[in-house]
Amino acid sequence: GRFLFVPAVEVKIEVVIPEKERSKEEMSPNGKASPLIYKVNGTARHYHLEEHPIASNPYHKPKDVVEASVCHVKDLENGQMREVDLGCGKALLIKESGEFHAVGHKCPHYGAPLVKGVLSKGRVRCPWHGACFNISTGDIEDFPGLDSLPKFQVKIEKEKVYIRASKQALQTQRRTKMMAKCISLSNYNRSSTNVLIIGAGAAGLVCAETLRQEGFSDRIVMCTMDRHLPYDRPKLSKSMDSHPEQITLRPKEFFRTYDIEVLTEMQVAAVDIKNKTAVFKDGFKMEYNKLLIATGNTPKALSCKGKEVENVFNIRTPEDANRVVKLATSKNVVIVGASFLGMEVAAYLTERAHSVSVVELEEVPFKKFFGERVGRAVMKMFESNRVKFYMQTEVSELREQDGKLKEVVLKSGKVLRADVCVVGVGAVPATAFLKQSGINIDSKGFIVVNKMMQTNIPGVFAAGDAVTFPLALRNNKKVNVPHWQMAHMHGRIAALNMLAHGMEISTVPYLWTAMFGKSIRYAGHGEGFDDVVIQGDLDELKFVAFYTKSDEVVAVASMNYDPIVSKVAEVLAAGRTIRKRDHLTALRVFPLFFRTGDMSWLTGKGS
């Protein structure tokens, strides 16, 4: 194992955005805002951090500050948002309950225009991926993404609304929350830490950042089997030729600045809960006070004959993704499993490969998740992009020539030419190393946690794809939600409870998939749905689908219908129940929504 230091590289992040939503401005790479540092003594307690005012003397205007009149007070109704231009950048002006607020206008995650999002009860929700920001502070309250919005000063003079903002904040459109530093790293024993985080995905990183944001100034060590610092894993299948440094979530300077130590290529082999020690594969031991297990999933491999031939991949790392793109160029690709990963990879490779074939056990892709009708519409879109499907069958053999993959043989008897094969047949939680630990693990290998992300062992927390937790939305049913947004939220909740905040999780699951420049957005938890109510046109790929169980809407999916999924997510987040019968009534007013964007009908009934 070793500490990772990557050379500093200036990076432009390539963002793949559905055609209709491509914003002209280049997205700034993550973590470019320079936060102010402060030190605190002792271990963590909650410190309320005031933002430093832009200028201490309101009459003195420093060079970096711009002030502009943006509208008349009567121009905005309550509940309205408007993008306003201050000359050297834009802001989002919001009026709620008679008060004006101004924050950054672009979501720091992938740069979505927040004016097209959903405003409700003091927060704005991103129309693309569901991140939420407090309109009074700009703070991020739900994910994905790490940074908050900059907040700008608003004043009213002679019926005019003025915004005062720093030029830098207008340009970066993001703000990294203030964080503590470690008080004295020098006198640490190398083999003990206050907080140990196993896994460096979204859950692990958000946990570490949240601890520092809350004033925690003791040692934090993250360890990962990966070679890299935490990166944007959804991009591995959505934009496969991204290099590690293009998709890193934070630059290496960030980890140095806030004393978050990352041990790369380090695998934990066992956890000794009695002695509060993690034992690494190479024999190294590390004591901890608090532990977060956020090891995620391990992709399932094929179990058929010839599974060890060369050029068969699970996409787990940037290197895997890059290698597949290289090998697939002008060649024949077979994808096993019409999963999110499999379908995104198929979509990405169609323009590069000679042929792309997908092999799947079900009769349509995404059947269990999106239902038969949506699955079929997606399948048609793929077929019109030259992707061939071999459904209701599986692989019986992989054949090789000179050790390299040559053919994929199906149980149906069909033989497919293949130079490269990508396997996306699901995953299992990476928890085998915990078998003898005494930490409670269910029959499928998931770590069982409560709403505070606590395991059955005091001081041991778990988060992300490897856990089951009680989902408020579904009457606290224990569920596994292996998605990017949820991992962020788990990490945050775990950190707050390491600091004894008594914070329970209540977020609404939100995810998206991107294929051929189009996105399907999804909110809720549709497991076990018994009906799908569809409005719009599936053939045109302009629709919204409501997933119901008995009488209740449990999830929603849409294509080209923004911001409906974010709207439904806000209704569900408020603890309201949407009944199927309300919906059938409501669906009649859909044309109104299309013409005017009016979604007042979608309020749900108090549960």
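Keep in mind it's a predicted model, so treat the numbers as computed, not measured.

K.L.:
In this structure, what is going on with the overall build of the protein? I would like to understand it.
P.N.:
What the protein contains, in helices and strands, is twelve helices and 41 strands. Buried residues in the protein amount to 57% of all 607 residues. Long-range pairs, those at least 24 residues apart, make up 64% of the contacts in the protein between residues at least 6 apart in sequence. Only carbon and sulfur atoms are counted for the fraction: they give 49% of the accessible area of the protein, which is about 26200 Å².

K.L.:
How should unusual backbone geometry be read in this particular structure?
P.N.:
If a residue is not glycine, its phi is most likely negative; likewise, a peptide bond is most likely trans. Residue Phe143 is joined to Pro144 through a cis peptide bond whose omega torsion reads 15 degrees. Considering the arrangement of structural elements, one finds Pro144 in the loop between strand 10 (140–142) and strand 11 (151–157). A cis amide bond links Asp562 with the next residue in sequence, Pro563, at an omega value of 0 degrees. As for its placement among the helices and strands, Pro563 is situated in the loop between strand 39 (552–559) and helix 10 (564–573). Unusually for a residue other than glycine, Lys158 sits at a positive phi of about 50 degrees. Mapping Lys158 onto the fold places it in the loop between strand 11 and strand 12 (160–166). Even without a glycine there, the phi angle at Asn311 is positive, about 75 degrees. Within the secondary structure, Asn311 sits in the loop between strand 21 (297–299) and strand 22 (312–313). Given a relative accessible area of 8%, Asn311 falls into the buried group.

K.L.:
I tried to follow the sheet that holds strand 28 (residues 415–417) on my own but got confused; where do I start?
P.N.:
In a beta sheet, neighbouring strands are held together by backbone hydrogen bonds and run either parallel or antiparallel to one another. Judged by pairing direction, the sheet is antiparallel, and its three strands sit side by side in the order 26-27-28 without closing on themselves. Each edge of the open sheet carries a strand with a single partner, namely strand 26 (395–401) and strand 28. Strand-to-strand twist in this sheet, taken as the mean axis angle between neighbours without regard to direction, amounts to 30 degrees. By the bridge criterion, three bridges tie strand 27 (residues 404–410) to strand 28 in an arrangement that is antiparallel. Considered in strand 28, the bridge of Val408 is made with Leu416.

K.L.:
I'm lost on the pairing of strand 23 (residues 332–336) in this one. Help?
P.N.:
Sheet faces and side chains relate simply in a regular strand, where the side chains alternate between the two faces. In terms of burial, strand 23 is a largely internal element, five of the five residues being buried. Both faces of strand 23 are covered, namely the face carrying Asn332, Val334 and Val336 and the face carrying Val333 and Ile335. Bridge count between strand 23 and strand 24 (residues 355–360): five bridges; the pairing is parallel. When the bridges of strand 24 are listed, Val336 appears paired with Val359. In this fold, strand 23 hands off to helix 6 (residues 340–349), which returns the chain to strand 24; that crossover is right-handed. Summarising the sheet, strand 23 and strand 29 (residues 420–423) pair through four bridges and their orientation is parallel. Bridge pairing links Val333 to Val420 in strand 29.

K.L.:
Even after reading the chapter, I still don't get the side chain of Glu344, so can you show me in this structure?
P.N.:
As for its placement among the helices and strands, Glu344 is situated in helix 6. Among the polar contacts made by the side chain of Glu344, one reaches the side chain of Thr513 at a distance of 2.6 Å. Setting aside residues no more than four positions away along its own chain, Glu344 makes contact with Ser237, Lys238, Trp512, Thr513, Ala514 and Met515.

K.L.:
For this particular structure, what's the right way to read the environment of Phe446?
P.N.:
The topology assignment puts Phe446 in the loop between strand 30 (427–429) and strand 31 (447–448). Remark: the alpha-carbon pair of Phe446 and Val467, spanning 21 residues in sequence, is separated by 4.9 Å. When near neighbours in sequence (up to four residues on either side) are disregarded, Phe446 contacts Pro429, Asn440, Ile441, Asp465, Ala466, Val467, Thr468 and Asn480.

K.L.:
Just checking my understanding: could you explain the packing of aromatic side chains for this structure?
P.N.:
Aromatic ring pairs: the centre-centre distance and the angle between the two ring planes describe each pair. Per the counting criterion, the structure on display carries 15 aromatic pairs. With 6.2 Å between their ring centres and 65 degrees between their planes, Phe382 and Phe389 make a pair best called edge-to-face. Exposure remark for Phe382: the relative accessible area of 0% places this residue in the buried category. Assessed through its relative accessible area of 12%, Phe389 is described here as buried. Seen in terms of ring centroids, Phe529 and Tyr547 are 5.0 Å apart; in terms of plane orientation they differ by 70 degrees. Their pairing is edge-to-face. Placement of the pair is Phe529 in the loop between strand 36 (518–524) and strand 37 (531–537) and Tyr547 in strand 38 (residues 542–549), with a sequence separation of 18 residues. Residue classification places Phe529 among the partly exposed positions, given a relative accessible area of 21%. For Tyr547, a relative accessible area of 0% puts it in the buried group. An aromatic cluster of at least three residues, connected via ring pairs, comprises Phe340, Phe366, Phe369, Phe370, Tyr522, Phe529 and Tyr547. Here the basic side chain of Arg190 rests over the ring of Phe284, its NZ or CZ set 4.5 Å away from the ring centre.

K.L.:
Would you explain the nonpolar core in this entry?
P.N.:
Judged by nonpolar contacts, the single largest core of 85 residues is most densely connected at Leu196, Ile198, Leu211, Leu292, Ile293, Ile447 and Phe469. The element contributing the most residues to this core is helix 9 (residues 484–498), with eight residues. Counting contributing residues per domain, this core is built from domain 1 (65–172) and domain 2 (178–300 + 427–507), each supplying no fewer than three. Apart from residues no more than four positions distant in its own chain, Leu196 is found in contact with Val221, Cys223, Ala278, Met286, Tyr288, Lys290, Leu291 and Leu292.

K.L.:
Where do I start with helix 6 in this structure?
P.N.:
Note: α-helices contain 3.6 residues per turn, so residues at a spacing of three or four share the same orientation. Most of helix 6 sits out of view: nine of its ten residues are buried. Taken residue by residue, helix 6 has Phe340, Gly342, Met343, Glu344, Val345, Ala346, Ala347, Tyr348 and Leu349 as its buried positions.

K.L.:
Looking at this model, I keep getting lost on the pairing of strand 6 (residues 99–103). Mind explaining?
P.N.:
Judged by how many residues are buried, strand 6 sits mostly within the fold: four of five residues are covered. Taking the residues that link successive antiparallel strands as the turn, the strand 5 (residues 90–96)-strand 6 hairpin has two residues, and the phi of Ser97 there is positive, at about 50 degrees. With two bridges connecting them, strand 6 and strand 11 associate as antiparallel partners. Paired with Ala102 across the two strands is Phe152, which belongs to strand 11.

K.L.:
Can you help me understand the sheet that holds strand 34 (residues 477–479) in this one?
P.N.:
Strand order in the open sheet formed by three strands is 31-33-34, with mixed pairing between adjacent strands. Either end of the sheet is taken by a strand with one partner, and the two such strands are strand 31 and strand 34. The sheet contact formed by strand 31 and strand 33 (residues 467–471) spans two bridges and is parallel. Residue pairing in the sheet places Val448 in a bridge with Thr468 of strand 33.

Thresholds, definitions, all that
Each chain has its residues counted from 1, running along the sequence as written. Predicted model: local features are reported for residues with pLDDT of at least 70 only, side-chain atom pairs are reported and counted for 80 or more only, and whole-chain, interface and lining totals are derived from all residues. As a rule here, side-chain values come from all non-hydrogen atoms in the structure, and water together with hydrogens is ignored. Only DSSP runs of H or I reaching four residues or more are called helices, and only runs of E reaching two or more are called strands; each is numbered from the N terminus. Throughout, exposure labels follow a simple rule: accessible area from a 1.4 Å probe, protein chains only, divided by the maximum for the residue type, with under 20% read as buried, over 50% as exposed, and the rest as partly exposed. By definition in these notes, contact holds between two residues if any of their heavy atoms fall within 4.5 Å. For accessible areas, the Shrake-Rupley method is used with a probe of radius 1.4 Å. Any residue's cover is judged against the shown protein chains and nothing else. Between any two strands, at least two bridges found by DSSP are needed for them to pair. Orientation is described by axes fitted as lines to C-alpha atoms, over the contacting stretch for helices, and by angles from 0 to 180 degrees between their N-to-C directions. Every crossover in which the path from the first strand over the helix to the second runs clockwise, viewed with the strands pointing away from the viewer, is termed right-handed. Pairs of N or O atoms within 3.5 Å make up the polar contacts considered here, provided that, within protein, one atom can donate a hydrogen while the other can accept it, and that residues adjacent in sequence are counted only when both atoms are side-chain atoms. When two rings of Phe, Tyr or Trp (its six-membered ring) have centres within 6.5 Å they constitute a pair, described as stacked for plane angles under 30 degrees, edge-to-face for angles over 60, and tilted for the intermediate range. Distance and angle both matter: a charge sits over a ring if NZ of Lys or CZ of Arg is within 6 Å of the ring centre and within 35 degrees of the ring normal. In plain words, nonpolar cores are sets of buried Ala, Val, Leu, Ile, Met, Phe, Trp, Tyr and Cys residues tied together by side-chain atoms within 4.5 Å. Boundary definitions for the domains trace back to an automatic or database domain assignment.

Read these as layout, nothing more, since geometry by itself doesn't imply function.
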